[in-house]
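Each chain, written out:
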Amino acid sequence: MTAVSSILIAMAFAAQTGQSDPSNQYDRAGSAGRGDDIQLVCYGEAEKIVMENRSGMEWDNDRHKYVQKSTLETGKSNFDTAVNVSIHGGAAQIRLPKQLIPPIHADSSDGWWDVMDLVVGHDEIRGRFQLNALNRPTVVINRRSGVITVDGMIKFSGRCDADDGHRRF
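All values derive from a computational prediction rather than experimental measurement. (Residues numbered from 1 in each chain as written. Predicted model: local features only at pLDDT ≥ 70, side-chain atom pairs only at ≥ 80, totals over all residues. Heavy atoms only, no water.)

**A short note on the state of the cysteines**
Okay, so step 1: In the structure shown here, the tally under the stated rule is 1 disulfide.
Okay, so step 2: Each sulfur in the disulfide pair Cys 42 and Cys 160 lies 2.0 Å from the other. Between Cys 42 and Cys 160, the S-S dihedral sits near 95°, and the bridge is therefore right-handed. Separated by 118 residues along the polypeptide, Cys 42 in strand 1 (residues 37-60) and Cys 160 in strand 9 (residues 155-162) bring together distant segments of the chain.
Okay, so step 3: Judged by its relative accessible area of 0%, Cys 42 is buried. (Disulfide = S-S within 2.5 Å. Helix = DSSP H or I, 4+ residues; strand = E, 2+ residues; numbered from the N terminus. Buried < 20%, exposed > 50% of the residue type's maximum accessible area, 1.4 Å probe, protein only.)

**Examining unusual backbone geometry**
Okay, so step 1: Of note, Asp 110 is a non-glycine position whose phi angle comes to about 55°, a positive value.
Okay, so step 2: Inspection of the secondary structure puts Asp 110 in the loop between strand 3 (91-95) and strand 4 (112-114).
Okay, so step 3: Look at Asp 110 and you get exposed, because its relative accessible area is 62%.
Okay, so step 4: The phi dihedral of Asp 117 is positive, around 50°, even though this residue is not glycine.
Okay, so step 5: With respect to the element layout, Asp 117 can be found in strand 5 (residues 116-120).

**Describing the nonpolar core**
Okay, so step 1: Counting 26 residues, the largest nonpolar core has Cys 42, Val 85, Ile 94, Leu 96, Ile 141 and Ile 148 as its most contacted members.
Okay, so step 2: Where this core is concerned, the elements lending two or more residues are strand 1, strand 2 (65-88), strand 3, strand 5, strand 7 (138-142), strand 8 (147-151) and strand 9.
Okay, so step 3: Discounting residues that sit within four places of it in the chain, Cys 42 has contacts with Thr 81, Ala 82, Val 83, Val 85, Ile 148, Phe 156, Arg 159 and Cys 160. (Core = buried A, V, L, I, M, F, W, Y, C linked by side-chain atoms within 4.5 Å. Contact = heavy atoms within 4.5 Å.)

**Considerations on the environment of Leu 72**
Okay, so step 1: Structurally, Leu 72 is set in strand 2.
Okay, so step 2: For the pair formed by Leu 72 and Asn 53, sequence separation is 19 residues and the distance between their alpha carbons is 4.5 Å.
Okay, so step 3: With near-sequence residues (within four places) excluded, Leu 72 lies in contact with Met 51, Glu 52 and Asn 53.

**Regarding the side chain of Asn 135**
Okay, so step 1: Its place among the elements puts Asn 135 in the loop between strand 6 (124-128) and strand 7.
Okay, so step 2: When sequence neighbours within four positions are dropped, the list of residues in contact with Asn 135 reads Pro 102, Phe 129, Gln 130, Gly 152, Met 153 and Ile 154.

**Some remarks on a nonpolar patch on the surface**
Okay, so step 1: A grouping of Met 57, Trp 59 and Tyr 66 is seen on the molecular surface, where their side chains present a nonpolar patch of about 370 Å² in accessible area.
Okay, so step 2: Within the secondary structure layout, Tyr 66 lies in strand 2.
Okay, so step 3: Overall, Tyr 66 belongs to the exposed group, its relative accessible area being 52%. (Patch = residues over 30% accessible without salt bridge, like charges linked within 9 Å, V, L, I, M, F, W, Y side chains within 5 Å. Areas by Shrake-Rupley, 256 points an atom, 1.4 Å probe, with all protein chains shown as cover. Salt bridge = Lys/Arg side-chain N within 4 Å of Asp/Glu carboxyl O.)

The values reported here are purely geometric and, on their own, carry no functional implication.
Quick look at the structure:
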């Protein structure tokens, strides 16, 4: 067997296993082939839908007197908070503050949710996670500006810093 035919056979085998080009910067999971290990803490503003039970008195024209009235009103609540993002190779997790976790939610690992459909690109990291059957927010992190957006029934936008585990003071 000649050297050329050996190289062609090796290239064909590598193409079948999904490793066609070693210089390719992305693997099949869509993440950078470098095996990135990134820990982020992201500070910003969150928004969630809240329901409030309001009660009071209301004039009843039929009875000609005040009667007790109770209503359930929905609205939005904004507050400052932080989220954490952990990326290791082709896997990622996101940790939300308790205020953003809905009462009915899927299981998490100590408050960390797995990020699905993860893409770790040169300029952007994106994916989605499942809080419950109806709430699958997407997360997008711009690697140049550090801006993060979480968009679903909950919303968060902020700026991320590398969390190297060292104290600031």
